[in-house]
Structure formats: structure tokens, C-alpha cells
Amino acid sequence: MKNYILFLLFILSSCGQNCKELPSTYKSYEEAKMIVSSVHFKFTDDCNVSESSFITSANYYSCDKLTGYFIVGMNDKKYIFQNMPYEVWESFKKAESKGKFYNREI
């Protein structure tokens, strides 16, 4: 029984890709979202966008906290941006209007 539990823990912990195994290009947004969502990132963050009239979610995922993936939700769709500098993410989080910042900077 003990070996079975250890084997199960090994399988569960090995699911998903390693941060360093991410491809540099993707065939589609859908593929990118699927792969990025399966990775175990060293740094993840989200932003409260409840005051935005059209942005429904904002998340940042990074392997090194220098650059990362920005996933923004709008009108029941999610858009993904690769290689977003961490400083831009921090500026987005501090922006008074998330929508104006998004349209201007990204």
C-alpha cells in the first residue's frame, strides 16, 4: 500500500511541464493557453479587476520574475501575451484604469 501511495504521488507531481520546457512559439492561442496552464511556475500573481468595465481577469505567470505570460480575460475570452516584462505587470496592477492601461501599453 505504501508503494502505491508513493507511486501515485510521483505521478501527480510529474504532471504538467517544467517551466524551462516551455516552447518559444505556439501554433495557436488555444495551444498556448493549454500549455501555459499546465506549467508549474515559480511566480504567479493576479490582479483585482473588479472595477473594470470590460476586463474580467488578469493573471501573470513567470519562471524567473523578469518576464512572463500575461493572461487577460475580456468578454468571456482570454488573451495571452508572452514575454511580458514583470515591470509592465506591476504597472498594470497599479494603474488607476486597467482598461486604459491595457489599450495604451500592451
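Residues numbered from 1 in each chain as written. Predicted model: local features only at pLDDT ≥ 70, side-chain atom pairs only at ≥ 80, totals over all residues. Heavy atoms only, no water.

A.B. asks: Quick rundown of the pairing of strand β3 (residues 67–74)? Include the residues and the values.
C.D. replies: Where burial is concerned, most of β3 is hidden: 7 out of the 8 residues are buried. Strand direction decides the pairing type here: strand β2 (residues 55–62) and β3, joined by 7 bridges, are antiparallel. What sits directly across from Y61, in β3, is Y69. Once β2 ends, the chain turns through 4 residues before running back antiparallel as β3, passing K65 with a positive phi of about 60°. Counted between consecutive antiparallel strands, the loop separating β3 from strand β4 (residues 77–85) contains 2 residues, among which N75 sits at a positive phi close to 45°. (Buried < 20%, exposed > 50% of the residue type's maximum accessible area, 1.4 Å probe, protein only. Helix = DSSP H or I, 4+ residues; strand = E, 2+ residues; numbered from the N terminus. Pairing = 2+ DSSP bridges.)

A.B. asks: Please set out the pattern of salt bridges residue by residue, giving values where relevant.
C.D. replies: Scanning the model with the defined rule gives 3 salt bridges in all. D45 is the salt-bridge partner of K93, the closest N and O atoms lying 2.5 Å from each other. Here K93, found in helix α3 (residues 86–94), pairs with D45, found in strand β1 (residues 43–46); they are 48 residues apart in sequence, far enough to count as distant. For the salt bridge of K93 with E90, the shortest nitrogen-to-oxygen distance reads 3.3 Å. You can see K93 and its partner E90 sitting in helix α3, 3 residues apart, about one turn around the helix. Residue E90 is classed as buried on the basis of its relative accessible area of 18%. (Salt bridge = Lys/Arg side-chain N within 4 Å of Asp/Glu carboxyl O.)

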